[in-house]
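# Working through the structure, step by step
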Amino acid sequence: MAVEKKTKDAKAPKLADPIAASIDIATQEMIAHSHKLGIDTVFDRAVQMKPCNIGMQGICCKNCAMGPCRLPLPKGGIEGEDTRKGLCGATANTIAARNFIRMIAGGAAAHSDHGRCVAEVFMSAARKETDAYRIKDTKKLLSVAPHLGVAVTVEEDGEVKDRNIDEIALEVAEKALNEWGKAEGELLYAKRAPAALYEKWKKQGVIPRNIDREIVEIMHRTHMGVDQDYKNLIKQGTRASIADGWGGSMLATDLQDILFGTPYPLQSEANLGVMKEDHVNIIVHGHEPVLSEMIIAVSQKPEIVEYAKTKGAKGIQLSGICCTANEMLQRHGVPAAGTFLQQELAIITGACDAMVVDIQCIFQNLANVAKCFHTKLITTHPIAKMEQDNVIHIEFDEHHALEDAEKIIRMGIDNFQNRGSEVMIPQHKATQIAGFGVESVEYHLGGTFRGTFYTLNDNIINGKIRGIAGVVGCNNARSKHNEAHIEVVKELIKNDVIVLTTGCNGIACAMHGLLTPEAAAVYCGPGLAEVCETVGIPPVLHLGSCVDNSRILLAATEVVKAGGLGKDISDLPVAGSAPEWMSEKAISIGHYFVSSGVYTVFGLHMPTSGAPVFHDYLSKELEKLYGGKWDLEPDPIKHARLMIAHIDKKRRELGIDRGKERVLMDMADRQALEA
Ligand code: BF8
């Protein structure tokens, strides 16, 4: 019998159970449809291939050719001295720390290289070398300029004194680009952090010198035979992660806002059901809005819409996957077709006429899936090509961006007539209100005459809002798609914790109806529901893509500035979470949250668990240096409750844990609370 079963299994690979794979009905339907068509997806591959247990625990070193050296934990754990070592003598702590900070380097490099590309386009726009890009949001330009040391004097009427906008934009571009590789000094944006946090970083010697250097230094220190002290290794990881969150990512967000507009709340939709059978469906997937902004601009040209009609389509339906979805959503209301794990499914609908990709989170298997359909899969970035011969590469360049975008869109339109008979778009989508940011939170939750976070702080102090959670990050095919995202967020808002979201968590929350003001009455505790209903906001505020986690850092800083809740981010009743993390970027984000004073819980597993001493250093000792620490909890309800317990601890420390009558506080009241 056993032999017979083996033979049968060898012929028919195990397939994912759609119901076990996702909580989303559209995704379940599409997984079942993919099985009917005989096309494998990430969900099937996840049940067919087991992850390496030793790699998962962070204790495999492959940094030299004497290895890989694998240091599994002894059965029953470590008793007495941990004698595990690699050929060179590297301990489990050294190996796990090296691997962990290499993940930070990978994540910080991805965010920061994205930021650099935006800065280069910004420079072209400032120099007026391109017609496609121009400085759109001068108000944001003027607010960012001083943080880069660019002097501007703005009159009360908003007019700029002495200098013109073009000069300022050029100097901002130069100063910003300099942040990646300047020879001396420190990261200019480090001073945007609360003074108490900046001082902690200074004391620990972790203020980044420039963005690139911190990433390069990780690669050097983790080379065979260099840094062999896990505390010293993670110190460099900390410096590189700060260079990401308060550097590369924050610059990406700021420069994108100046070029393309700061987001303000708007209505849109999410899930595969946003695709339309009678329209040309063009899906933009990846991360840099430099590409997607041009695609949006061209797709709205009347002659392009007319061209689509000549091919029998009713129009063009743009939608996004991953963080490009968030970028297009935040500024234009373009709907999100899905999260990271739905990228193959979007093509399997048979209705995707073109999928345009740039960088990050793009499955190579898209090319194999596209081969089964008419879909044109177009890569656009010089650093991200695919080997399969059905992939078309149209290199995107800011100097001829509109022409490139038009070529891509016409290719999608021309392809509309090549659709096969096998079209299945799941009829599931949800309404969402997105487009939040530091500026719009200030507008909604600030005072009418006092443009800061006063109202938010007052409601935290009065206990209507128990605290703030940043819930972010990816999907991971090793866990049920969206389940942990949604359970964590629902448990938080049920307990009056307002949630700030980005990345694929934002898309997941949209798909499951949590990004509407109406969600407050259904899912929130009474305090948060009252605030949301009064101001007309959802209990979960979508702040954008993963580089926009920098908006969460600045929102927390604004809460500190508004007063009454301590002097540092680590004093606030806040917590961070990535329930379904997957990428190195998530580790970099997690670590800059921790280094900025935020208690941060990850789901699934931590890639450090095979080195208990190093793991404990992250989850216990770091708090003494920066006020934040790592934690791990795979169970979503326990995960949320750990965050709530931390928020309650901070409320007790601030003396705001007892229920109080709601009173409007002035600055003197707040200062009295701080004493
Ligand atoms: O940068 S959340 S799966 S899409 S890595 Fe990727 Fe993770 Fe989604 Fe955006 Ni962020």
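Residues numbered from 1 in each chain as written. Predicted model: local features only at pLDDT ≥ 70, side-chain atom pairs only at ≥ 80, totals over all residues. Heavy atoms only, no water.

Right, let's talk about empty space enclosed by the protein for a bit. Counted under the stated rule, the structure contains 4 cavities of 30 Å³ or more. Looking at the largest cavity, its volume works out to about 220 Å³. Forming the walls of the largest cavity are 23 residues, and the residues nearest its centre are I468, L500, I552, A556 and V574. For the lining of the largest cavity, the secondary-structure elements that each account for two or more residues are α18 (438-445), β13 (467-471), β14 (497-501), α24 (549-562) and β16 (574-578). In terms of residue count, α24 provides more of the lining of the largest cavity than any other element does, 5 residues in total. Of the residues assigned to the lining of the largest cavity, the class counts are 20 nonpolar, 3 polar and no charged. The calculated volume of the second largest cavity comes to roughly 130 Å³. Lining the second largest cavity are 17 residues; nearest its centre among them are G473, C474, C546, S583 and K585. (1 Å grid on protein atoms, 1.4 Å probe; cavity = no way out; pocket = protein on both sides within 12 Å on 5 of 7 lines; lining within 4 Å. Points joined across faces, edges and corners; volume = space filled by probe spheres on them. Helix = DSSP H or I, 4+ residues; strand = E, 2+ residues; numbered from the N terminus. Nonpolar A, V, L, I, M, F, W, Y, C, P; charged D, E, K, R; others polar.)

Attention now goes to the domain arrangement of the chain. Splitting the chain by domain gives domain 1 (92-260), domain 2 (272-418) and domain 3 (430-654). Here domain 1 and domain 3 have C-alpha centroids that lie 23 Å from each other. Between domain 1 and domain 3 the total buried area reaches about 3,200 Å² when both faces are included, carbon and sulfur atoms providing 68% of it. Its largest share of buried area at the contact with domain 3, domain 1 owes to F100, M103 and H111, together 19% of the area lost on that side. Remark: the boundary between domain 1 and domain 3 carries 3 salt bridges. (Domains from an automatic or database assignment. Buried area = accessible area lost by both parts, 1.4 Å probe. Salt bridge = Lys/Arg side-chain N within 4 Å of Asp/Glu carboxyl O.)

Attention shifts here to the side chain of E558. Here E558 is to be found in helix α24. Judged by relative accessible area, E558 falls into the buried class, the value being 19%. Here the side chain of E558 touches K561 through a polar contact of 3.1 Å, side chain to side chain. Excluding residues within four positions of it along the chain, E558 makes contact with V438 and F453. (Buried < 20%, exposed > 50% of the residue type's maximum accessible area, 1.4 Å probe, protein only. Polar contact = N/O pair within 3.5 Å; in protein donor to acceptor, adjacent residues only side chain to side chain. Contact = heavy atoms within 4.5 Å.)

Let us now look at a negative patch on the surface. On the surface, E155, E156, D157, E159 and D162 cluster together into a patch of negative charge. Among the secondary structure elements, D162 is positioned in the loop between β4 (160-161) and α8 (165-181). Taking relative accessible area as the criterion, D162 reaches 72% and is therefore assigned exposed. (Patch = residues over 30% accessible without salt bridge, like charges linked within 9 Å, V, L, I, M, F, W, Y side chains within 5 Å. Areas by Shrake-Rupley, 256 points an atom, 1.4 Å probe, with all protein chains shown as cover. Lys, Arg positive; Asp, Glu negative; His and termini not counted. Charge placed at Lys NZ, Arg CZ, Asp CG, Glu CD.)

Our next topic: the packing of aromatic side chains. Overall, the coordinates contain 10 aromatic pairs when judged by the stated rule. When the centroid spacing of 5.0 Å and the interplanar angle of 80° are considered together, the rings of F340 and F363 count as edge-to-face. In this pair, F340 is assigned in the loop between β8 (336-338) and α15 (343-348) and F363 in the loop between β9 (354-357) and α16 (365-371), connecting sequence segments 23 residues apart. Accessibility expressed as a relative area gives 7% for F340, which makes it buried. Grouping aromatic residues by their ring pairs yields a cluster made of F100, Y230, W581, F602, F614, Y617 and W630. The side chain of R192 reaches across the aromatic face of Y189, ending 4.6 Å from its centre. Above the face of the Y307 ring, R410 is positioned so that its terminal group lies 4.6 Å from the ring centre. (Phe/Tyr/Trp six-rings, centres within 6.5 Å; stacked < 30°, edge-to-face > 60°. Lys NZ or Arg CZ within 6 Å of the ring centre and 35° of its normal.)

A separate point is the sheet that holds β13. The 6 strands lie next to each other as β15-β14-β13-β16-β17-β18, forming an open sheet whose pairing is parallel. What marks the edges here is a single partner per strand, and that holds for β15 (540-542) and β18 (630-632). Taken pair by pair, the neighbouring strands of this sheet meet at an average axis angle of 25°, ignoring direction. (Pairing = 2+ DSSP bridges. Axes fitted to C-alpha atoms, helices over the stretch in contact; angles between N-to-C directions.)

Quick look at the coordination of the nickel atom of the ligand now. There is one protein donor for the nickel atom of the ligand, and it is C546 (SG), at 2.2 Å. Angles of 92 to 158° at the metal separate the 4 donor atoms of the nickel atom of the ligand, which places the site in the irregular class. Relative to the helices and strands, C546 resides in the loop between β15 and α24. (Donors = N, O, S within 2.8 Å, 3.2 Å for Na, K, Ca; no water. Tetrahedral: all angles 85-135°; square planar, octahedral: opposite > 155°, others 65-115°.)

Core analysis: the biggest nonpolar cluster contains 176 residues, and Y133, W201, W246 and L492 have the highest contact counts within it. Top element by residues in this core is helix α6 (residues 92-126). It accounts for 17 residues. Not counting chain neighbours up to four residues away, the residues in contact with W201 comprise A190, A193, V206, I207, I242, W246, S595, S596 and Y626. Counting residues in each nonpolar core, the second largest holds 35 residues, with M30, V42, L345 and F373 among its members. (Core = buried A, V, L, I, M, F, W, Y, C linked by side-chain atoms within 4.5 Å.)

H287, C322, C323, F340, C361, G473, C474, C504, C546, M582, S583 and K585 make up every residue found near the ligand. Take H287: an N or O atom from its side chain is 2.8 Å from an oxygen atom of the ligand. The contact in question runs from an oxygen atom of the ligand to an N or O atom on the side chain of K585, over 2.9 Å. Placement of the ligand is best described as lying within the second largest cavity. Among the residues making up the shell around the ligand, the classes are represented as 8 nonpolar, 3 polar and 1 charged. (Near = heavy atom within 4 Å. Sits in = over half its atoms within 2 Å of the grid points.)

Let us now look at a nonpolar patch on the surface. On the surface, M66, L87 and M224 cluster together to form a nonpolar patch covering roughly 300 Å² of accessible area. Along the chain, the position of M224 falls in the loop between α10 (211-221) and α11 (230-260). Residue classification places M224 among the partly exposed residues on the basis of a relative accessible area of 32%.

What follows covers the pairing of strand β17 (residues 599-602). Where burial is concerned, the two faces of β17 agree: the one with Y599 and V601 and the one with T600 and F602 are both buried. In terms of strand pairing, β16 meets β17 through 4 bridges, oriented parallel. Note on β17: the bridge partner recorded for A575 is Y599. Crossover connection from β16 via helix α25 (residues 584-595) to parallel β17: handedness right-handed. (Right-handed = clockwise from strand over helix to strand, strands pointing away.)

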